[in-house]
Amino acid sequence: MKLTPDQLAQFNRDGYLFFPGMFSREEMQPLLAAVPEIYSEYRPEVIREKDGKTPRTSFAAHTYNEPFAKLGRHPRLVEPVEQLFEEPVYMHQYKINGKQAFDGDVWQWHQDYGTWMRDDGMPTPKAMNVAVFLDDVTEFNGPLLFIPGSHADGVVAAGHDLGTTSYPLWTLDNDKVRELAEKGGIVAPKGPAGSMIMFSGCLVHGSAPNMSPWNRVIVYLTLCAVSNHIRQYKRPAYIAHRNFTPIDRLPDDCLLRDDIKGLPWPGHEVDIAAMREGDGPAKWTADVAREADQRMPVSAA
Ligand code: SIN
Ligand code: MN
């Protein structure tokens, strides 16, 4: 899948591209079916809301769940990002956000690159979020809110919010959000399950709580240019991955085919126990980082 010149211009102007119905319901079905089991497990990779039980987000399911492993290597997600960055990408983060019916909580206004830069030492914003809706997203179930064009200012000032929700974020203050929204407005891309959004790591976004009776499960891949790999290992590796090996894509119809497997993923085998180390690189991490540096030296730009 290639982006057209018009789409590239739109992305540069707005900071995101929306593709309603990019995947069929049939393709989404095995992913949606796998979600309850992933969320039912009490493991460090599954973050709960403040009530301690509602699943808020689940990290790194592509390392242990078959359909989610396939999605992580899907050409419809990976190719357009490689095209934009003009180089291979690796998986910086992989999460399934629950935004569960009635109990799914707010995501405050923030920029993802603010966190990747401050917490993970990612040198530049050359990383992209690709979101895939597993449920229909409507005005009722807490759609993502974007401020179009807000990526153009780069990283803006933010405070580390450790209290509002169960998941720490570098969030923007109200005056900054007001200033940006007066310029760009606010949009809420809505569409059927299978819709896809690509958005810049600098785009200001958030979402309201979900008080509807409908879940709003969205999967997010963060694809980072290999030359832009993170330099700081402060967060656990299941949140900020440390395997900088380029993603090798599966065939376009992989989600519908049983003969194609996402796991094991050669070159990406990860010991989930090693990924739980929080305070410094595990040995294998240092080796992988060195290899990536040798493969593609980072320019000063
Ligand atoms: C995020 O910004 O990382 C998540 C927002 C959402 O899923 O609503
Ligand atoms: Mn975000």
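Provided above is the structure to which this section pertains.
Every value quoted in this text rests on a predicted model; they were computed, and no experiment measured them.

Calculation rules
Residues numbered from 1 in each chain as written. Chains lettered and ligands numbered in written order. Predicted model: local features only at pLDDT ≥ 70, side-chain atom pairs only at ≥ 80, totals over all residues. Heavy atoms only, no water. Near = heavy atom within 4 Å. Polar contact = N/O pair within 3.5 Å; in protein donor to acceptor, adjacent residues only side chain to side chain. Areas by Shrake-Rupley, 256 points an atom, 1.4 Å probe, with all protein chains shown as cover. Helix = DSSP H or I, 4+ residues; strand = E, 2+ residues; numbered from the N terminus. Buried < 20%, exposed > 50% of the residue type's maximum accessible area, 1.4 Å probe, protein only. Contact = heavy atoms within 4.5 Å. Salt bridge = Lys/Arg side-chain N within 4 Å of Asp/Glu carboxyl O. Pairing = 2+ DSSP bridges. Expected span 1.5 Å × (residues − 1). Bend = angle between axes of the 7 residues up to and from the residue. Axes fitted to C-alpha atoms, helices over the stretch in contact; angles between N-to-C directions.

> Explain the site of ligand 1 to me, please; I cannot follow it from the model alone.
In the region of ligand 1, the neighbouring residues are Lys 95, Asn 97, Lys 99, Trp 107, His 110, Leu 144, His 205, Ser 207, Arg 216 and Tyr 220. With respect to ligand 1, the side chain of His 110 contributes an N or O atom lying 3.0 Å from an oxygen atom. Between ligand 1 and the protein, one listed contact pairs an oxygen atom with a side-chain N or O atom of Ser 207 at 2.6 Å. Contact with the protein chains removes 98% of the 260 Å² of surface that ligand 1 exposes when unbound. Sorting the residues of the shell around ligand 1 by element identifies β4 (89–97), β5 (107–110) and β11 (205–207) as the ones contributing at least two each.

> I would appreciate a short explanation of the environment of Cys 254 in the present structure.
One can find Cys 254 in the loop between β12 (218–225) and α7 (272–275). The exposure class of Cys 254 is buried, given its relative accessible area of 0%. Residues within four places of Cys 254 in sequence aside, it is in contact with Lys 70, His 74 and Ile 260.

> What am I meant to see in the pattern of salt bridges here?
Side-chain pairs of opposite charge can arise whenever the charged atoms involved come near each other. By the definition in use, this model includes 18 salt bridges. The shortest N-O distance in the salt bridge between Arg 43 and Glu 45 comes to 2.7 Å. An identical accessibility class is assigned to Arg 43 and Glu 45; each is buried. Ionic pairing is found between Glu 82 and Arg 249, a salt bridge with its closest N-O pair at 2.4 Å. Taken together, the residues Glu 82 in helix α4 (residues 75–85) and Arg 249 in the loop between β12 and α7 connect sequence positions 167 residues apart. A relative accessible area of 16% means that Glu 82 is categorised as buried. Salt bridges here are not isolated pairs; linked through shared partners, they connect Glu 27, Arg 76 and Asp 252.

> What's the story with the pairing of β4 in this structure? I'm lost.
Regular strands place their side chains on alternate faces of the sheet. Across the nine residues that make up β4, a large majority, nine, are buried. Here strand β3 (residues 55–59) pairs with β4 via three bridges, running antiparallel. Residue Thr 57 lies in a different strand from β4, and its bridge partner there is Asn 97. Sheet topology places β4 next to β12; eight bridges connect them, and they run antiparallel. Bridging from a neighbouring strand, Met 91 pairs with Leu 223 of β12.

> Would you mind going over helix α2 (residues 25–40) with me for this structure?
Turn by turn, an α-helix covers 3.6 residues, leaving residues three or four places apart pointing in a common direction. Across its 16 residues, α2 extends 23 Å between first and last C-alpha, which sits within 8% of the 22 Å expected from 1.5 Å per residue. Its axis deflected by about 25° at Ala 34, α2 carries its strongest bend there, up to four residues before the proline Pro 36. Residues of α2 that are buried include every one of Glu 27, Met 28, Leu 31, Ala 34, Val 35, Ile 38 and Tyr 39, and no others.

> What is the right way to look at the sheet that holds strand β2 (residues 46–48) in this model?
Adjacent strands of a sheet pair through backbone hydrogen bonds, lying either parallel or antiparallel. The seven strands lie next to each other as β1-β10-β6-β12-β4-β3-β2, forming an open sheet whose pairing is antiparallel. The open sheet terminates on both sides in strands that have one partner only, identified here as β1 (16–19) and β2. Averaged over all pairs of adjacent strands, the angle between strand axes in this sheet comes to 15°, irrespective of strand direction. With five bridges connecting them, strand β6 (residues 127–133) and strand β10 (residues 196–200) associate as antiparallel partners. Bridging from a neighbouring strand, Asn 129 pairs with Phe 199 of β10.

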